[in-house]
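Architecture at a glance
The lines below spell out each chain.
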Amino acid sequence: TISEGLRQFFLKKVPQANAKVFHDGVNYEVFASKLSHTEARKRVGISDLGPMIVYTGHLYDWKGVRTLLDAFTNSQNHFLRSSVLYMVGGTEHHVGQFKKEYNHPSIKFVGHVDYSLIPYFIHSAQVAVIPNSARDIIAREYTSPLKLFEYMAAGISIVASKVPAIQEVVDEDTVYFMEPD
């Protein structure tokens, strides 16, 4: 399985099974580029010069994107208020829905991009976010978020929800944990 939570789920169904956990992984060399923020931004056509926060992935509710968007739009934190949030990924339907709901000048909904561009978006930012919701068992216990491994390989600062699926991979020395939801 890809997580301990998922392994435990299967062992409850088939107690005699011999199940092991093999987390997601990424091609380290693809994400470990030493591009500067400026060079990476040029590769993906970002002209913003200020601080940037990035989320990569689908825009499903269980991934906690509403929590991220609400926190970003309502924060009084100076760094957040001076930053641009790039939401990279999602279907056309979800992107359109979120653009209407979160019509904010500092939020850029990029939508789905070719996977080869993801490292450039990550390297464009100062902070990457994994806002998994604890309300959904998939996000809380079963997932092995590929984006976490991409962010770690890129060497970017990470803010992540404090949920078991993420905590089994990293600790406070690797990411900055936030309470989910």
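As a reminder, the structure under discussion sits directly above these lines.
Before going further, it helps to examine the environment of Gly50. Looking at where Gly50 falls in the secondary structure, it is placed in the loop between α3 (37–44) and β1 (52–56). Separated by 20 residues in the primary sequence, Gly50 and Val30 have C-alpha atoms spaced 25 Å apart. Not counting residues within four places of it along the chain, the set of residues in contact with Gly50 comprises Arg41 and Gln126.

Okay, the environment of Glu141 next. Mapping Glu141 onto the fold places it in helix α8 (residues 137–142). On the accessibility criterion, Glu141 (27% relative accessible area) is partly exposed. Glu141 sits 41 residues away from Lys100 along the chain, and the two C-alpha atoms are 31 Å apart. Excluding residues within four positions of it along the chain, Glu141 makes contact with Ser3, Gly5, Leu6 and Ala165. Side chain to side chain, Glu141 and Arg140 meet in a polar contact 3.1 Å long.

All right, on to the packing of aromatic side chains then. One pass over the structure, following the stated rule, counts 6 aromatic pairs. Consider the rings of Phe31 and Tyr115, whose centres lie 6.0 Å apart with planes at 65 degrees: the pair is edge-to-face. Of this pair, Phe31 sits in helix α2 (residues 28–31) while Tyr115 sits in the loop between β3 (107–111) and α7 (118–124); the two residues are 84 residues apart in sequence, bridging distant segments of the chain. An aromatic cluster is present here, built from Phe9, Phe10 and Tyr142 joined pairwise through their rings.

Cut-off values and rules
- Residues numbered from 1 in each chain as written.
- Predicted model: local features only at pLDDT ≥ 70, side-chain atom pairs only at ≥ 80, totals over all residues.
- Heavy atoms only, no water.
- Helix = DSSP H or I, 4+ residues; strand = E, 2+ residues; numbered from the N terminus.
- Contact = heavy atoms within 4.5 Å.
- Buried < 20%, exposed > 50% of the residue type's maximum accessible area, 1.4 Å probe, protein only.
- Polar contact = N/O pair within 3.5 Å; in protein donor to acceptor, adjacent residues only side chain to side chain.
- Phe/Tyr/Trp six-rings, centres within 6.5 Å; stacked < 30°, edge-to-face > 60°.

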